[in-house]
Structure formats: C-alpha cells, structure tokens
Amino acid sequence: MAENCKTLKLVEKTPNSRVIYVYLNRPSQRNALSGDFFVEFPNTLSSLDQNPDVNVIVLAGSGEHFCSGIDLKTLSSVTDHTTSADRGRSSERLRRHIKFLQDAITAIERCRKPVIACIHGACIGGGVDIVTACDIRFCTKDTFFSVKEVDLAITADLGTLQRLPAIVGFGNAMELALTGRRFSGSEAKELGLVSRVFGSKEELDDSVRTIAEGIAAKSPLAVTGTKAVLLRSRDLTLEQGLDYIATWNSGMLLSDDLTEAVSAQIQKRKAFFAKL
C-alpha cells in the first residue's frame, strides 16, 4: 500500500504500536495536494481502517509544512472537465469531479479509527479542508492557517465551509473564509480550531505520540463508537442523539472490553483489549 504511494508515507514510530503515522509526503512542494493524493489518501485510510493492528492514525506533513493546499497544476486541470461544447454535460462532469475530490477528504470521517492532525508550518486551503475533517487537531505556535480559496476565485468546496462553522462558530468561519487572511496557531487555539498549541515541532511530536498511544490503549469498541456517535450526532436533535446512542450501546456495550475494563479498575492494573 504505502510502498506504491507517490504522495504519502506511512511510519510506525514505536515497535508493536497500534498508532500509525501517515505523512503528506511532497515536502519540496510544501505537501501540495496533487491528483495522485485524491486517489491514494482514501485508499490508504480504508486499508488502515480495516487493519486490526491499527487503533489510531496520526496525520502529519513531511518537511517544513503541513500542507499548502491543492497543487496549482491540479487546480488548473479543472478545465479538463469542461471541454464539452454542451454546457450541461460539462457541468455534470465537473460536478462528478468535485464530488470525487470531496470524497477523499470525507474518508477521514468515514474511517472508524480516530485521526489526529499534527500540524506545523503552513496549513492553507486544502490543508484546512483536511484538518477540519480530523477528529483532534494540535499545532505548533509558528503554524499559520488560511482559508485561501477566495483569493483564487474559488468557493471552497472540499468541506471547510461545511465543517469549520461547527468548530469555530458561524461568524468566525464567515470572516476567515471571506477574507482569506492568515491566522496563527495561537488564534486557532482561541477559535477552537486546535485543542493545544506547542512551542516547537519536537514538543508537538512528543505530546501527540503520548496522546495517540493513550487513545490506542483504550477499548477499540469504545473509541470507534465514540467517534461514530459524535459524528452522527451533528445531524440529530438531542432526543434523536440519545436514541441513537441507546441503540448503539444496546448492540456494543455488553462486550469483553467492558468486562476487562471493570476488572482492570478493580485490580488496579492496565487493561488489555483484543484487536478490533
């Protein structure tokens, strides 16, 4: 899987760990998203999702930046989908292409395993699309963000306009998207876009490793269930959400993981859970 990727690199930093690192791996292009990324990324996440040895995925960028957005060559190739003289057919073809690109980002939410964004340097345009789909976000103090699409005469279409308002609030999302301005890691923390800001990339890497390993050691049934229910609850009323979790737990609660967790608490020892 990873051996054949042009845009990604997979790393297991700790032997026998259930945490896998997925690196955007075009450092000379500041990890700009090429056409290959939109094929390789969802396929990689799907493979990791089905891998019982993986409980948590950390998404990071190789080199000095996380992601500088969609590669301009890839962006300019959008005209390839509007070559028909029939405007209706050209528009339908373009719509299918946009849906294809969107699906690669939504693959993060479709993955049952938690995906943690480990952000440093630039996180621009498509990079913001990616991190807003992640489950947890951390960055360094020198990270900078920009919802840049408006400056390229584009209405951001890969998920930022749908996900960012729920994270930072409607008014903040509107201002960031309309201005396209650069904002810092510290402001991102104030807005709620990231959970924590670290003083250096080394601090970021060390802390994210500890957090990811901690999540990976928990019941995989509980972790995947928590992600699934939180994502589903975005679209439900409180009553519907409570009904959904009641139905979920009626099928998942009575497990060996529950027995092991209770026993470990009573015996004051570390719990050990079977692979999912």
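Just so it is clear, the model here is predicted, and its values are computed rather than measured.

Asker: Let's hear about the packing of helix 4 (residues 126-133) against helix 5 (residues 160-168): which residues, and what values?
Answerer: Helix 5 packs onto helix 4 with a crossing angle of 55 degrees between their chain directions and a minimal axis gap of 9 Å. Classed by the angle they form, the pair helix 4 and helix 5 counts as oblique. When you trace helix 4 past helix 5, the crossing you get is left-handed. Residues Val 128, Asp 129, Thr 132 and Ala 133 of helix 4 form the contact with helix 5, whose participating residues are Thr 160, Arg 163, Leu 164 and Ile 167.

Asker: Provide a residue-level description of the packing of helix 9 (residues 220-233) against helix 10 (residues 238-252), including the pertinent values.
Answerer: Relative to each other, helix 9 and helix 10 sit at 155 degrees, their axes nearing to 10 Å. Accordingly, the angle class assigned to the pair helix 9 and helix 10 is roughly antiparallel. In terms of crossing hand, the pair formed by helix 9 and helix 10 is right-handed. Residues Leu 221, Gly 225, Ala 228, Val 229, Arg 232 and Ser 233 of helix 9 lie in contact with helix 10, whose contacting residues are Gly 241, Tyr 244, Ile 245, Trp 248 and Met 252. Of the residues belonging to the contact of helix 9 with helix 10, the class tally is 7 nonpolar, 3 polar and 1 charged.

Asker: Mind laying out the packing of aromatic side chains, listing which residues take part and the relevant values?
Answerer: In this structure the tally under the stated criterion is 6 aromatic pairs. Geometrically, the ring pair formed by Tyr 244 and Trp 248 is tilted, given 6.3 Å between the ring centres and 40 degrees between the ring planes. Here Trp 248 and Tyr 244 lie together in helix 10, a separation of 4 residues that amounts to about one turn. In this structure Tyr 244 comes out as partly exposed when scored by relative accessible area, which is 25%. The class of Trp 248 is partly exposed, set by a relative accessible area of 22%. One aromatic cluster is present, formed by Phe 37, Phe 38 and Phe 41 through successive ring pairs. The cationic tip of Arg 232 hangs over the ring face of Tyr 244; the distance from NZ or CZ to the ring centre is 5.7 Å.

Asker: Describe the nonpolar core, naming the residues involved and giving the relevant values.
Answerer: Counting residues in hydrophobic clusters, the biggest one holds 45 residues, and the most contacted among them are Phe 37, Ile 57, Leu 59, Phe 66, Ile 119, Ile 130 and Phe 145. In this structure, Phe 37 is in contact with Thr 7, Leu 8, Leu 24, Pro 42, Ile 105 and Ile 130, ignoring residues within four places of it in sequence. Core analysis: the next-biggest nonpolar cluster, separate from the first, contains 16 residues, Tyr 23, Ile 116, Phe 198 and Ile 215 among them.

Asker: Before we move on, could you go through the sheet that holds strand 5 (residues 122-124) and cite the residues and values that matter?
Answerer: What the 3 strands build is an open sheet, ordered 5-7-8; its pairing is mixed. Of all the strands in the sheet, just strand 5 and strand 8 (182-184) have a single pairing partner and so form its edges. Pairwise comparison of adjacent strand axes, ignoring direction, gives a mean angle of 25 degrees for this sheet. Where strand 7 (residues 144-146) and strand 8 come together, 3 bridges link them in antiparallel fashion. Residue Phe 144 lies in a different strand from strand 8, and its bridge partner there is Ser 184.

What counts as what
Residues numbered from 1 in each chain as written. Predicted model: local features only at pLDDT ≥ 70, side-chain atom pairs only at ≥ 80, totals over all residues. Heavy atoms only, no water. Axes fitted to C-alpha atoms, helices over the stretch in contact; angles between N-to-C directions. Helix = DSSP H or I, 4+ residues; strand = E, 2+ residues; numbered from the N terminus. Parallel < 35°, antiparallel > 145°, perpendicular 65-115°, else oblique. Left-handed = near helix turned anticlockwise from the far one by under 90°. Contact = heavy atoms within 4.5 Å. Nonpolar A, V, L, I, M, F, W, Y, C, P; charged D, E, K, R; others polar. Phe/Tyr/Trp six-rings, centres within 6.5 Å; stacked < 30°, edge-to-face > 60°. Buried < 20%, exposed > 50% of the residue type's maximum accessible area, 1.4 Å probe, protein only. Lys NZ or Arg CZ within 6 Å of the ring centre and 35° of its normal. Core = buried A, V, L, I, M, F, W, Y, C linked by side-chain atoms within 4.5 Å. Pairing = 2+ DSSP bridges.

Function cannot be read off these values alone, since they describe shape.
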